[in-house]
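# Fold and contact review
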Amino acid sequence: MDVMVSVKNDKEIAIEYVDLYMSLRAALRDGKIETTDVEEYLAYKERMLPKKAKKLAQEMILNIKE
């Protein structure tokens, strides 16, 4: 059986990671989640990022203006 696999580029992966980061950050502000849970989960997700996507995500996070 042939299966089509959707491959995302580094920018799409980085954007998804930043979206996750922002939603977890909002949950922290609202007191809905513990800091250690967020840190552990983000570290896990970051280890799974390709090198270029990780660099893009870090740049996007550094450029967040609130």
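Thresholds, definitions, all that
Residues numbered from 1 in each chain as written. Predicted model: local features only at pLDDT ≥ 70, side-chain atom pairs only at ≥ 80, totals over all residues. Heavy atoms only, no water. Helix = DSSP H or I, 4+ residues; strand = E, 2+ residues; numbered from the N terminus. Buried < 20%, exposed > 50% of the residue type's maximum accessible area, 1.4 Å probe, protein only. Contact = heavy atoms within 4.5 Å. Areas by Shrake-Rupley, 256 points an atom, 1.4 Å probe, with all protein chains shown as cover. Patch = residues over 30% accessible without salt bridge, like charges linked within 9 Å, V, L, I, M, F, W, Y side chains within 5 Å. Salt bridge = Lys/Arg side-chain N within 4 Å of Asp/Glu carboxyl O. Axes fitted to C-alpha atoms, helices over the stretch in contact; angles between N-to-C directions. Parallel < 35°, antiparallel > 145°, perpendicular 65-115°, else oblique. Left-handed = near helix turned anticlockwise from the far one by under 90°. Nonpolar A, V, L, I, M, F, W, Y, C, P; charged D, E, K, R; others polar. Phe/Tyr/Trp six-rings, centres within 6.5 Å; stacked < 30°, edge-to-face > 60°.

## Section: the overall build of the chain
Scanning the chain for helices and strands turns up three helices and zero strands. Element order for the chain, N to C, with α for helix and β for strand: α-α-α. A buried classification covers 18% of the 66 residues belonging to the chain. Within the chain, contacts between residues at least 6 apart in sequence are counted, and of these 69% link residues at least 24 apart. When the accessible surface of the chain is totalled, it reaches about 5,500 Å², and 54% of it is carbon and sulfur.

## What to know about a nonpolar patch on the surface
Together, Y41, Y44 and M48 give the surface a local cluster of nonpolar side chains, amounting to about 320 Å² of exposed area. Among the structural elements, Y44 can be located in helix α2 (residues 35-47). With relative accessibility at 41%, the residue Y44 sits in the partly exposed group.

## Topic: the packing of helix α1 (residues 10-29) against helix α3 (residues 51-62)
Helix-helix packing: each pair is described by the crossing angle between the helix axes and the interaxial distance. Relative orientation of the contacting elements α1 and α3 amounts to 45 degrees, with a least axis distance of 8 Å. The angle between α1 and α3 falls in the class oblique. Taken as a pair, α1 and α3 cross one another with a handedness that is right-handed. Across the interface between the two elements, D10, K11, I13, A14, I15, Y17, V18 and Y21 of α1 pack against K52, A53, L56, A57, M60 and I61 of α3. Tallied by class, residues from the contact of α1 with α3 come to eleven nonpolar, no polar and three charged.

## Quick notes on the packing of aromatic side chains
What the rule picks out here adds up to one aromatic pair. Centre to centre, the rings of Y41 and Y44 are 6.2 Å apart; their planes meet at 35 degrees, and the pair counts as tilted. Placement of both Y41 and Y44 in helix α2 is noted, with a separation of three residues, approximately one turn of the helix. Its relative accessible area of 37% is what places Y41 among the partly exposed residues.

## Comments concerning the pattern of salt bridges
Any two side chains of opposite charge can pair, given that their charged atoms come close. With the rule as written, the count across this model stands at two salt bridges. One salt bridge in this structure joins K8 and E16, with 2.5 Å as the shortest N-O distance. In this structure E16 comes out as partly exposed when scored by relative accessible area, which is 41%. Here E59 ties to K55 by a salt bridge, and the two come within 3.7 Å at their closest N and O atoms.

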